[in-house]
Structure formats: structure tokens, C-alpha cells
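Fold and contact review
Residue-level listing of the chains:
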Amino acid sequence: MTLFVTGGAGFIGGNFIHYYLKQHPDDRVVCLDKLTYAGNISTLSPVMDNPKFRFVKIDICDRKAIYKLFEEETPAIVVNFAAESHVDRSIENPEIFLQTNILGTQVLMDACRKYGIQRYHQVSTDEVYGDLPLDRPDLFFTEETPIQTSSPYSSSKAGADLLVMAYHRTYDLPVTISRCSNNYGPYHFPEKLIPLMIVNSLADKPLPLYGEGLNVRDWLYVADHCRAIDLIIHEGRVGEIYNVGGHNEMKNIDIVKLICKELGKPESLITHVTDRKGHDMRYAIDPTKIHNELGWLPETKFEDGIKKTIKWYLEHREWWETIISGEYQNYYEKMYGNRERVR
Ligand code: NAD
Ligand code: TYD
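Chains are numbered independently. Their residues run from 1 in the order of the written sequence. Each chain is given a letter, starting from A, and each ligand a number, starting from 1, according to the order in which they appear as written. A pLDDT threshold of at least 70 governs which residues receive local features in this predicted model, and a stricter bar of 80 or more applies before side-chain atom pairs are shown or counted, although totals over entire chains, interfaces and linings include all residues. For side-chain calculations, the full set of non-hydrogen atoms in the structure is used, while hydrogens and water are omitted.

Attention now goes to the overall build of the chain. Note on conventions: DSSP H or I runs of at least 4 residues are helices, E runs of at least 2 residues are strands, and numbering of each starts at the N terminus. Across its full length, the chain carries twelve helices and 13 strands. All radius of gyration figures rest on C-alpha atoms, and the globule criterion is 2.2 Å times the number of residues raised to 0.38. In terms of overall size, the chain behaves like a compact globule, its C-alpha atoms giving a radius of gyration of 19 Å where 343 residues would be expected to give roughly 20 Å. Along the three orthogonal principal directions, the C-alpha set of the chain runs to about 55 × 45 × 35 Å. The rule is simple: take the accessible area with a 1.4 Å probe, protein chains only, and divide by the maximum for that residue type; under 20% is buried, over 50% is exposed, in between is partly exposed. Burial status across the chain gives 57% buried among its 343 residues. Whether two residues are in contact is decided by their heavy atoms, any of which lying within 4.5 Å being enough. Of the contacts made within the chain by residues no fewer than 6 positions apart, 83% connect residues no fewer than 24 positions apart.

Next comes the structure, spelled out in C-alpha cells:
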């Protein structure tokens, strides 16, 4: 059986490919990735020589090239991770988010319709539900929570989700969607909170915390997300949405303090800077459905996962040092150079 994994040179897609090839050694995995700034071919170097793996540099918006690859490979399952994924970048330039996240999804699903497919799986996010108030810890996102997005990023992901469900209803395409909370772990691009704070701490650079740092995210170790997707594509019900999260809510400031502690760095590195525009306050997933239907539960506790993650960054300096030595410097200057220190 051949599986297409789009966006497999990115953070979660890369982890998924490593996970999947170990779990299903008889299946073939073809990775489709455009290699944007967020895609790193070195993330896939451990599997490049695996005869069951093929890498194809391709844009999911390139209909002709995508159709050609479907014709050549006839995949049984497509898992779509490919996306522009960073909220701050979407605030600066929304257009590419709409192109890749919505139109790219459309091209993939059109190819699935044309060539036939057992399953199309859309990797979505809890951010499509908007945010929850800090003073209502009793509230969680369920699959029935209305879509109410805040950022251009989450809006583009929500647009794609609507289209996926429309392709199911209109064309009977066998789809599933997973909406996961914030992931952390190896190969995470250092523009996102956890790897950014690790990398800056190691260089004794300021740790830019937006506003008061009281925003809450529900963190999940990336391998637990990979296992959830594996279960959904094989055992999940067609046409269904599954929320994925591990009841691990933490304030940003507590995460950053923990990273300082683990690395033996002073908390004085923490610098409160101008808040993100439209900043979501709290995300919290109710994972009852995936637990009841598929028996999924997270396996990695945050205290272990964060230690493993920090250890990985200490042992894989070359991976992230290569990233931050290039174009990343311009990005960093643009995003943080003018961000005012608020205290
Ligand atoms: P990422 O930014 O690390 O990786 C995205 C990958 O997609 C990169 O390899 C990039 O080169 C590729 N890509 C981008 N545009 C492409 C295009 N047009 N054609 C082909 N490839 C393209 O993202 P991530 O954090 O690994 O997220 C993967 C998916 O999971 C996304 O769809 C995201 O919305 C979703 N998600 C992420 C999180 C999280 O915490 N990171 C949580 C829930 C859901
Ligand atoms: P991020 O990793 O960008 O994920 P998302 O916005 O998709 O949840 O950010 C996680 C939280 O960390 C979010 O509340 C914004 C905050 N944050 C900072 O305080 N400073 C930073 O430099 C970054 C990148 C994020």
C-alpha cells in the first residue's frame, strides 16, 4: 500500500514519516513537499535510503504535477500536513496561507477524486475553534464547537476543513479530519514558542514573551499526535472529525520558566514584548471522542516530553544551527527587531 504524506519535511509530517515507517514496514511512503523555509530535507535523512520511502519536491498547488504523481504512484491514503503554519507570519502576509492551505487542499482532493482513494486525511488544528476565556476552565473544544477563527492562519485552516467536509458530502470522498492542539518535540522549527525559547536560551539571548505570557495552550508531544493520525486513517470513521489533545494546559510564562530551569539559565532573560494582534487566550481540547472510539490516550507526560525535547535540541545542534544561520536572521529581525519591550 502506498501512502502520500504532504508536508513531510516539516515538523509534524517529518515525525509522522519516521513513526509510520517503523509501525508499518510493509507500506510505502511518498513524501510530497515544496521545501519552503519550514521544510528541511535533513529531517528526512534517516529514512532517505529506506527502499520503502520516496521524496518528491512538489507544490501541492501545482495541479498538473500532482495529477502526474497520482497517476504514477496510485496512493491508497493521502495525509495532508502541507501548510503554512505560523500565526505570526499569517498576520504579516495572509495570501500564501490561503493559497497553500485552501487551494492546495482542493488540488489534492481533486486528484483523489480523479484517481480514486481509500482515505483522504486532513491534518487540521484546534485553532479553528477560536479561543476560550481564561476564567472558564470548565469549557473545552469538542467536535461540535462552532468554527470561529481569529487569525488568517486559523481562517485558512477552517476554510480547508469546510471544503473537505463539502467534498465528502457532495462527491462522497472518503475523508477524515483531525484537529490537534499545540505540538512540541524534535524537528520543530525554531520560530514557534518552545524551540525558539530553547534556541535563544542556549545563546543567552532575550526570550520574547508576548504580553504578560498568560495565554494558555494545550501541549501534546508530537509522537502522540502521530499515533492519533495513524489510528484515524486506519480505524476512524469516514466523514468524521476527531479532536486530539492531552489535557495539558499551560501558560506560556510557565513553559518559558521551565525551559530556563532545565537549561540552568536565569529568568531575567525573559523579556515581555508587544502582544500578538488578535492573540487567542486559551486552547483546550476535549478528546473524549477519539478516546471512546479509537482508544487513543496520550502516552508522554509533559515533564518527560519537554526533557526529551530539550535533550534532542542539545544533541542536534547542527539541525537548528543551519536553520538559524540563514534567511531566519532576516525573519527574526523583522518579527522581533521592532517589537517593543513592554517591561
Ligand atoms: P511546518 O510549518 O513545520 O511544516 C509544513 C511543511 O509543509 C513544510 O515542510 C513545508 O515545506 C511544506 N509546505 C508548505 N507549503 C507547501 C506546498 N504548497 N506544497 C507542498 N509542501 C508545502 O508545519 P507543522 O507544524 O509540521 O504542521 C503540519 C500540519 O499540522 C499543518 O497543517 C498545521 O496546520 C497542522 N497543525 C500543527 C500544529 C502544531 O502545533 N505545529 C498543531 C495542530 C495542527
Ligand atoms: P506558537 O508556538 O506560535 O503557536 P500558536 O500561536 O499556534 O499557539 O505560540 C504559542 C504561544 O506562545 C502563543 O500564545 C504565542 C506565544 N509566543 C510568545 O509569547 N513569544 C514568541 O516569540 C512566540 C513565537 C510565541
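That covers the picture; the talk isn't over yet.
Attention shifts here to the site of ligand 1. Neighbouring residues of ligand 1: 28 residues in total, closest I12, D33, S85, Y153 and K157. Any N or O atom pair separated by 3.5 Å or less is treated as a polar contact, with the protein-specific requirement of one donor-capable and one acceptor-capable atom, and with residues adjacent in sequence counted only for side-chain atom pairs. Separating an oxygen atom of ligand 1 from a backbone N or O atom of F11 is a distance of 3.0 Å. What sets the accessible areas is the Shrake-Rupley method with a 1.4 Å probe; for residues, cover comes only from the shown protein chains. Protein contact buries 97% of the 840 Å² of open area that ligand 1 shows by itself. For the shell around ligand 1, the secondary structure elements donating two or more residues are α1 (11-23), β5 (119-125) and α5 (152-171). Top element by residues in the shell around ligand 1 is β5. It accounts for three residues. Polar here means any residue other than Ala, Val, Leu, Ile, Met, Phe, Trp, Tyr, Cys and Pro, which are nonpolar, and Asp, Glu, Lys and Arg, which are charged; Gly is therefore polar. Looking at the shell around ligand 1 residue by residue, the class counts come to 13 nonpolar, eleven polar and four charged. If a single non-hydrogen atom of a residue is within 4 Å of a molecule or strand, that residue counts as near it.

Turning our eyes to something else, we now look at the site of ligand 2. Taken together, the neighbourhood of ligand 2 is formed by 19 residues, with E127, R217, R276, H279 and Y336 sitting nearest. Between P208 and ligand 2, the recorded distance is 2.8 Å, taken from a backbone N or O atom to a nitrogen atom. For ligand 2, whose unbound accessible area comes to 510 Å², protein coverage reaches 97%. Contributing elements (two or more residues each) for the shell around ligand 2: α6 (193-202) and β8 (207-210). Along the lines of polarity and charge, the residues of the shell around ligand 2 split into nine nonpolar, five polar and five charged.

This brings us to the nonpolar core. By size, the foremost hydrophobic cluster in this structure holds 38 residues, and its most contacted members are I194, I198, I259, F302 and Y328. Secondary structure elements with two or more residues in this core: α6, β8, α8 (252-263), β13 (270-273), α10 (302-315), α11 (317-324) and α12 (328-336). In this view, I259 contacts I194, M197, I198, S201, I306 and I310; residues no more than four positions away in its chain are not counted. Within this scheme, the nonpolar core is defined by two criteria: the residues are buried Ala, Val, Leu, Ile, Met, Phe, Trp, Tyr or Cys, and they are joined through side-chain atoms within 4.5 Å. Core analysis: the next-biggest nonpolar cluster, separate from the first, contains 32 residues, I58, A82, L108 and V175 among them.

Sulfur atoms of two cysteines make up a disulfide when they are within 2.5 Å. Throughout the structure, instances matching the rule amount to zero disulfides. Distance from the sulfur of C61, which forms no disulfide, to the nearest cysteine sulfur (C112) is 15 Å. Looking at C61, the relative accessible area reads 28%, which means it is partly exposed.

Now for the sheet that holds strand β1 (residues 2-6). What the seven strands build is an open sheet, ordered β3-β2-β1-β4-β5-β6-β11; its pairing is parallel. The open sheet is flanked by β3 (53-57) and β11 (240-244), the only strands paired with a single partner. Looking at each pair of strands side by side, their axes are set apart by 20 degrees on average, direction ignored. For two strands to count as paired, DSSP must find a minimum of two bridges between them. Relative to β11, strand β6 (residues 175-180) is paired through five bridges, and the arrangement is parallel. To get an axis, fit a line to the C-alpha atoms, keeping to the stretch in contact for a helix; angles then go from 0 to 180 degrees between the N-to-C directions.

For the rest of this paragraph, the subject is the pairing of β5. Along any regular strand the residues' side chains alternate between the sheet's two faces. A large share of β5 lies buried, amounting to seven of its seven residues. Taken together, the four bridges between strand β4 (residues 77-80) and β5 define a ladder with parallel strand orientation. Note that in β5 the partner of I77 across the bridge is R119. Sheet analysis places β5 next to β6, joined by six bridges and oriented parallel.

What follows concerns α5. Take the residue count of a helix, subtract one, and multiply by 1.5 Å to get its expected span. With 20 residues, α5 extends 28 Å between its outermost C-alpha atoms, agreeing within 8% with the 28 Å of an ideal straight helix rising 1.5 Å per residue. Those residues of α5 that fall on the buried side of the exposure criterion are Y153, S154, S156, K157, A158, A160, D161, V164 and Y167. At its buried positions, α5 is contacted by α3 (87-92), α4 (95-115), β5 and β6. Two residues or fewer past α5, D172 is found with a positive phi of approximately 65 degrees.

Turning next to the pattern of salt bridges. A pairing counts as a salt bridge when a side-chain nitrogen of Lys or Arg comes within 4 Å of a carboxyl oxygen of Asp or Glu. Within this structure, the stated rule accounts for 19 salt bridges. In this structure, the salt-bridge partner of E73 is R54, at a minimum N-O distance of 2.7 Å. Pair noted here: E73 is in helix α2 (residues 63-73) and R54 is in strand β3, with a separation of 19 residues, a long-range link. Accessibility expressed as a relative area gives 10% for E73, which makes it buried. In this structure, the salt-bridge partner of R237 is E240, at a minimum N-O distance of 3.6 Å. On the basis of relative accessible area, R237 is assigned to the partly exposed category, the value being 43%. It is possible to trace a salt-bridge network through shared partners that takes in R28, R54, E72 and E73.

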